[in-house]
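Summary of structural features
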Amino acid sequence: MKTKFYVILIVLVAIFYSCEKNAVSQDTNTSITSDGVLKGTIVNYASAAIDSVKVFDYDNSSFGNSSVTTEGKFSMILSIPKLSTIGNGPEGTTVSDTNALGNSIFNIYLYKNRKITGELIRCNFTSDSLKTLGMSYSRFLYVDRTTTIKGVQTLLGRWVMSGYVDTLKYVFNATLNKGWNELVFKIEKLENTKMGVTTTWSLTNNIPSDLQWRYFKSSIYSGVKQKAKGQKELVSFDLFGE
C-alpha cells in the first residue's frame with residue numbers, strides 16, 4: 001500500500017530551504033531532542049488523576065512511556081515508530097524530499113492505575129472552547145532525513161445548520177531535521193466572512209516561550225483536533241492515507 005504524508009494545517013506564505021549539510025538547529029525551547037528524549041512538567045498535574053504517560057502513533061501503537069513524579073515531571077526515550085513515505089504532501093504544498101520517511105506522535109495519553117484519564121498537550125491555553133489569536137500548541141514528528149514543507153492549503157471546516165461553513169487555512173513553513181522535531185501550530189488570523197469564520201493557522205519551527213504541558217480531559221482536547229467533513233485530522237500530522 002502506497003502511503004503518503006498528510007499533515008493537514010497552517011498559515012502564510014514563506015520561503016524555506018534546507019539540506020543535509022546545513023540542517024537548521026532545533027529551537028532551544030523544545031521539549032524533545034533529535035534522538036527522542038521527550039520530557040516536561042505538567043503544570044496542572046493532580047496526583048489523584050495522573051501517574052503515568054504514554055505516546056501513540058496514528059495506528060494506536062505505543063512507542064514511549066514514563067511514570068509521572070509527584071511534581072508532575074515525566075521523561076522518556078522514544079523508539080523509532082513505523083515509518084511511511086512522506087510523498088507530495090497536502091494539496092497546495094511542496095515537500096523538498098518526497099522520498100523522506102516519517103511518522104508522528106498522534107496522541108499522548110495520561111493514566112491513573114492503568115486507566116486513561118485524559119490527554120497531554122504542550123500549549124499556551126487552558127481551554128480550547130474559544131479560539132483566539134496567538135493560540136498555539138506543539139506536535140512532534142520523526143523523519144529519517146532533513147526536508148522542508150511549505151505552501152498554503154485551504155480546507156472547509158465544520159458545517160453549521162444555517163448552511164454557513166467555517167474555513168481553515170493552513171500555511172506550512174517548516175524544516176524537518178533528521179530525527180525528532182517539535183513544530184508549533186499557531187492561530188495567526190481570525191476573520192468573519194459572509195460564509196462563516198476563516199481561521200488561519202501557521203506551522204513553523206518557532207517555539208514560543210509560553211508553551212506549557214497541560215492535562216486535558218479527552219472531551220476537551222477533542223475540540224482541538226477537530227475534523228472537517230470528508231477530511232482526516234486537521235490540526236495534527238497524519239502520515240497515513242492511500
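Side note on the confidence of the model for the protein chain
Model confidence for the protein chain is summarised by a mean pLDDT of 80, while 75% of its residues fall at 70 or above. Confidence drops under pLDDT 50 across residues 1–26; counting only partners more than four residues distant or on other chains, this segment forms 111 contacts. Taken together, the stretch residues 221–242 has pLDDT below 50 and engages in 96 contacts with residues farther than four places along the chain or on a different chain.

Details of the pairing of strand β13 (residues 179–193)
In the sheet, strand β10 (residues 136–143) pairs with β13 via eight bridges, with the strands oriented antiparallel. Bridge assignment links R139 to a residue of β13, and that residue is L183. With nine bridges connecting them, β13 and strand β14 (residues 196–204) associate as antiparallel partners. For V184, the partnering residue across the bridge sits in β14 and is T204. The antiparallel pairing of β13 with β14 creates a hairpin that spans two residues between the two strands.

Considering the packing of aromatic side chains
One pass over the structure, following the stated rule, counts nine aromatic pairs. Taking the centre distance of 5.8 Å and the plane angle of 15 degrees together, the rings of F63 and W180 count as stacked. Here the residue F63 occupies a position in strand β3 (residues 62–67), and W180 occupies one in strand β13, the gap between them amounting to 117 residues. Comparing F63 with W180, the two get one shared label, buried. Among the aromatic residues, those joined into a cluster by ring pairs are F63, Y142 and W180. Stacked on the ring of Y111, the Lys or Arg K54 has its end atom at 5.4 Å from the ring centre.

Cut-offs and rules
Residues numbered from 1 in each chain as written. Predicted model: local features only at pLDDT ≥ 70, side-chain atom pairs only at ≥ 80, totals over all residues. Heavy atoms only, no water. pLDDT = per-residue confidence, 0-100. Contact = heavy atoms within 4.5 Å. Pairing = 2+ DSSP bridges. Helix = DSSP H or I, 4+ residues; strand = E, 2+ residues; numbered from the N terminus. Phe/Tyr/Trp six-rings, centres within 6.5 Å; stacked < 30°, edge-to-face > 60°. Buried < 20%, exposed > 50% of the residue type's maximum accessible area, 1.4 Å probe, protein only. Lys NZ or Arg CZ within 6 Å of the ring centre and 35° of its normal.

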